[in-house]
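What follows is each chain in one-letter form.
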Amino acid sequence: MRRFIPAWFKKFPDWLEYSITKDATFCLYCYLFKPDIGDQAGGESFVGNGFSNWKKKRRLRTHVGGHNSAHTQAWRKCEDLLNQKQHIETIVLKQSEQARIDYRTQLNASIDCARFLLNQGLAFCGHDESEFSRNQDVKAIVLANAPQNNKLTSPEIQKDIVCVVAREAVNVIVRDVGDALFAILVDEARDNSIKEQMALAIRYVDKKGHVIERFLGVEHVPNTSAMSLKKAVGNLFCRLGLSIGRLRGQGYDGASNMQGEINGLKALILKENSSAHYVHCFAHQLQLALVAVAKKDDRIGYLFQLVSKVGTVVGASCKRRDILRENEVERVLKALNLGEIESGRGLNQETSLKRPGDTRRSSHYSSLVRLMGMFASVIGVLEIVEEDGTYLEQRLEATSLLESMQSFEFILYLHLMRTILEITNDLSQALQRKDQDIVNAMALLQLLKGRLQTMRESGWITLLNVTSSFCEKHEIVVPNMDDLFVPRGGKRRKAHKVTNLHHFRFEIFNSVIDLQAIELDARFLESTTELLLCVACLNPSNLFSSFEKEKLIHMAELYPQDFSSMDLMILDDQLDNYIDDMRTTIEFSSLHGISDLAQKMAEIGRHRAYPLVYLLLVLALTLPIVTATVERAFSAMNYVKNQWRNRMGDEWTSGVFVMPPEVFIPGYATAKESLPAYLLPVDATTTITLQSIMVNCFFSSLTI
């Protein structure tokens, strides 16, 4: 049906619609609203079959009827529908400006509460807010003074606030990545509800040459098999609009389901993208090297076994823990009175023993440091257990621990491993910086090996003096280094006659350091692979002394998706001009890493002059170093999704972690509540706040 009005039809009423196909007219109003017209003027003829009896024109007037007829009612409804002033959208938009201000203020208050609870890791209790607010600006429009259907305090509304902002934050990150090349950092763990979770972060280089790592969220996976993780990664990429073709690096913690050569997550991704090179987390390899030394050297393994037993025995009951605290307080007060230690903020705080864990970074180092600091107090607790233990097994165990701990050999092991772990712990902390690059990481690794070698060559006297001083302080017998060494037990008959100096220095000190160096070489095989050797040639230190054009061209060949055969020919010539320019330009004479080099090239425009060389820099910076970003998410999960709040949904859980904190970043924003680190950097002249992002996102998603 279509409206058709011939010239001869203009004298008919305008509510008639003429159909060419049926050669009949219909009532537009009645056709639209289908009123119950019954037998009025032809009944359904004006709606169903159409009116074609042109000789009986009076039936048209009869169909119209009086002021309350079915036709008139349909006409009024049609007029109301066509009246834009009565449209629901017009009514909503015509609400008073004060009502909109009140709603936005109320929403701000709810968002402030959500931000506070998220930053503190507290539970959301939307049903229990107090109506006795001291904030007079908010009190007049919230809670009891708010509309009954718009209080913004229900758990659903609070979750919507967080999830809306989390989605917007992730979208901003993805927009910032754009078409840049990136790497992924993945780790998996169980939460308190015994659900397998996969955390994923992204690493890329922004337009200013800065290395950026951003946390994208937590994904629930049915299991931690490689296929399940690959599917979860693919789903996340699809949802966020990321392309696996732009992936240039993978960073995992070394688990078999991650780095398996055949069916691991690394292998599955490499099948789709051969340029997504894998780098084993450097900090994790450091920890594995330490664990390997403890397992391969019986004496070091026995040391950590004793440390673990001491923590178990001393912390077996609340009574023993209280005794340990009291002994430690007395020791600290006595040392303060004697001037042996200083007092101040953060010093001499109450602490306890810590058990070492094979998969926890720096746990071995912390365990040894705490045991050395609380040595006298621990000995006092063990002596009490030895005398007053309830069971014979407890007393015998305490006696055995006292005998082992109060020996020079144990104290030497304790100080030796503390010194070695102090060096590796410094490296581990340096590696966990988000802006760390692969060249600096390799340089730090070489620095670690150099320090171990220096310690082996000239650190024995220092270690012996520190150990002897500790033994004298705690009344432990120090053997004469020139006397013959007497081994324990059955080893006496088979032992070679050597002096204590030879045994402790060459058989213990040197051998442990050598074993640690060997394990570092074995664990960091990646530092000798062709890719990382090529990356090292980009190092700008010492006026680009590591530069080798052949290796850089070979590095480009490892990325066939980014360098065509024509690009490789152009790169050959471009590298010659590049190195001459770099060595003669004063701005590049004092750089210390490829991260500084990329930033300086972007700053003065050299990235446009040498685009292929800059692409090599970007690829090198994209390679992941450590998985600390995603591992910190699981550390935070222990506080957020704890045993009292273990029924959080998947979207709600991920939203809580993606929700950006308040962190001020110079140059990104000028407002007091500045743009957080997770969000897209903006021009310094732009004023943008987290609060405004949250309000605008959520304000546009709700019906007022």
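Residues numbered from 1 in each chain as written. Predicted model: local features only at pLDDT ≥ 70, side-chain atom pairs only at ≥ 80, totals over all residues. Heavy atoms only, no water.

(A) Spotlight on the overall build of the protein. The number of helices and strands found in the protein is 31 helices and seven strands. Taken across its 704 residues, the protein has 48% of its residues classed as buried. A sequence separation of at least 24 residues applies to 66% of the contacts in the protein between residues at least 6 apart. Here the protein has roughly 36,600 Å² of accessible surface; of this, 52% comes from carbon and sulfur atoms. (Helix = DSSP H or I, 4+ residues; strand = E, 2+ residues; numbered from the N terminus. Buried < 20%, exposed > 50% of the residue type's maximum accessible area, 1.4 Å probe, protein only. Contact = heavy atoms within 4.5 Å. Areas by Shrake-Rupley, 256 points an atom, 1.4 Å probe, with all protein chains shown as cover.)

(B) Main features of the pattern of salt bridges. For the coordinates displayed, the defined rule picks out 15 salt bridges. Of the charged contacts in the structure, one is a salt bridge between Glu213 and Arg203, with a shortest N-O distance of 2.7 Å. Here Glu213 is found in strand β5 (residues 211-220), whereas its partner Arg203 is found in strand β4 (residues 196-205), with 10 residues between them in sequence. Like Glu213, the residue Arg203 is buried in the burial classification. Ionic contacts of the salt-bridge type, sharing partners, join the residues Lys549, Asp572 and Asp576 into one network. (Salt bridge = Lys/Arg side-chain N within 4 Å of Asp/Glu carboxyl O.)

(C) Here's a closer look at the sheet that holds β4. The strand order across the open sheet formed by five strands is β5-β4-β3-β6-β7, and the pairing between neighbours is mixed. Each end of this open sheet is capped by a strand with a single partner; those strands are β5 and β7 (277-280). Taken pair by pair, the neighbouring strands of this sheet meet at an average axis angle of 25 degrees, ignoring direction. The sheet contact formed by strand β3 (residues 182-190) and strand β6 (residues 247-252) spans four bridges and is parallel. (Pairing = 2+ DSSP bridges. Axes fitted to C-alpha atoms, helices over the stretch in contact; angles between N-to-C directions.)

(D) Structural view of the nonpolar core. Counting residues in hydrophobic clusters, the biggest one holds 118 residues, and the most contacted among them are Ile438, Met555, Phe563 and Tyr578. The leading source of residues in this core is helix α17 (residues 408-431), at 13 residues. Judged by nonpolar contacts, the second largest core, of 54 residues, contains Ile173, Ala199, Leu242 and Tyr252. (Core = buried A, V, L, I, M, F, W, Y, C linked by side-chain atoms within 4.5 Å.)

(E) Representation of the pairing of β4. In terms of burial, β4 is a largely internal element, 10 of the 10 residues being buried. Neither face of β4 is exposed, since Glu196, Met198, Leu200, Ile202 and Tyr204 on one face and Gln197, Ala199, Ala201, Arg203 and Val205 on the opposite face are all buried. With nine bridges joining them, β3 and β4 adopt antiparallel strand pairing. Looking at the pairing, Asp187 lines up with Ala199 of β4. Alignment of β4 against β5, held across nine bridges, turns out to be antiparallel. In the sheet register, Leu200 faces β5, and the bridge partner there is Gly217. The turn linking β4 back onto β5 is made up of five residues, and Gly209 within it adopts a positive phi angle of 85 degrees.

(F) Molecular detail of unusual backbone geometry. Within the chain, Asn542 stands out as a residue other than glycine whose phi angle is a positive 55 degrees. Inspection of the secondary structure puts Asn542 in helix α23 (residues 541-544). In the Ramachandran plot, Phe544 falls in the positive-phi region, its phi being about 60 degrees despite a non-glycine side chain. As for its placement among the helices and strands, Phe544 is situated in helix α23. Overall, Phe544 belongs to the buried group, its relative accessible area being 0%.

(G) The packing of aromatic side chains, seen in detail. Counted by the stated rule, this structure contains nine aromatic pairs. Between Phe182 and Phe237 the ring centres are 5.8 Å apart and the planes differ by 70 degrees, which places this aromatic pair in the edge-to-face class. Remark: Phe237 occurs in helix α8 (residues 226-240) and Phe182 occurs in strand β3; sequence separation between them is 55 residues. Owing to a relative accessible area of 1%, Phe182 belongs among the buried residues under this scheme. Ring-pair connections join several aromatic residues into one group, and the members of that group are Phe544, Phe547, Tyr578 and Tyr610. (Phe/Tyr/Trp six-rings, centres within 6.5 Å; stacked < 30°, edge-to-face > 60°.)

(H) Highlighting the confidence of the model for the protein. A residue-level look at the protein finds 76% of positions with pLDDT of 70 or above and a mean pLDDT of 77. A low-confidence stretch, residues 1-5 stays under pLDDT 50, and its non-local contacts, those more than four residues away or across chains, total 13 contacts. Within the model, the stretch residues 661-704 combines pLDDT values under 50 with 98 contacts to residues more than four positions away or in other chains. (pLDDT = per-residue confidence, 0-100.)

(I) A look at helix α30 (residues 650-658). Among the nine residues that make up α30, seven are buried, leaving the element largely enclosed by the rest of the structure. Buried residues of α30: Trp652, Thr653, Ser654, Gly655, Val656, Phe657 and Val658, and no others.

(J) Expanded view of the packing of helix α18 (residues 438-458) against helix α21 (residues 500-523). Contact geometry for α18 and α21: axes closest at 10 Å, N-to-C directions at 170 degrees. Taken as axis vectors, α18 and α21 run roughly antiparallel relative to one another. Contacts between α18 and α21 involve Leu448, Lys449, Leu452, Met455, Arg456 and Glu457 from the first element and Arg505, Phe509, Asn510, Ile513, Asp514, Gln516, Leu520 and Asp521 from the second. Per-class residue counts for the contact of α18 with α21 are six nonpolar, two polar and six charged. (Parallel < 35°, antiparallel > 145°, perpendicular 65-115°, else oblique. Nonpolar A, V, L, I, M, F, W, Y, C, P; charged D, E, K, R; others polar.)

(K) Geometry of the packing of helix α25 (residues 565-584) against helix α28 (residues 611-622). Between α25 and α28, the least distance of the axes is 8 Å, while the angle of their chain directions is 95 degrees. One element, α25, and the other, α28, form an angle in the roughly perpendicular class. Along the contact surface, α25 presents Asp567, Ile570, Leu571, Gln574, Leu575 and Tyr578, while α28 presents Pro611, Leu612, Val613 and Leu616. Grouping the constituent residues of the contact of α25 with α28 by class yields eight nonpolar, one polar and one charged.

(L) Inspection of a nonpolar patch on the surface at higher detail. A cluster of nonpolar side chains, namely Met566, Met569 and Ile570, defines an oily patch on the protein surface of about 310 Å² accessible area. Looking at the secondary structure, you find Met566 in helix α25. (Patch = residues over 30% accessible without salt bridge, like charges linked within 9 Å, V, L, I, M, F, W, Y side chains within 5 Å.)

(M) Examining the environment of Ala70 more closely. For Ala70, the location among the structural elements is in helix α3 (residues 70-82). In this structure, the C-alpha to C-alpha distance between Ala70 and Phe33, residues 37 residues apart in sequence, is 9.9 Å.

(N) Focus on the side chain of Thr424. Here Thr424 is to be found in helix α17. By relative accessible area, which is 13% here, Thr424 ends up buried. Among the polar contacts made by the side chain of Thr424, one reaches the main-chain carbonyl oxygen of Leu421 at a distance of 3.0 Å. (Polar contact = N/O pair within 3.5 Å; in protein donor to acceptor, adjacent residues only side chain to side chain.)

(O) View of the environment of Ala430. By secondary structure assignment, the location of Ala430 is in helix α17. The sequence separation of Ala430 and Asn440 amounts to 10 residues, and the corresponding C-alpha distance is 9.6 Å. Contact partners of Ala430, with chain neighbours within four places excluded, come to Gln436 and Leu444.

(P) Representation of the state of the cysteines within the structure. Taken as a whole, this structure holds zero disulfides when the rule is applied. Cysteine Cys27 is unpaired, with the sulfur of Cys30 as its nearest cysteine sulfur at 3.5 Å. As a non-bridged cysteine, Cys534 has Cys537 as the owner of its nearest cysteine sulfur, 6.2 Å distant. On the accessibility criterion, Cys534 (2% relative accessible area) is buried. (Disulfide = S-S within 2.5 Å.)

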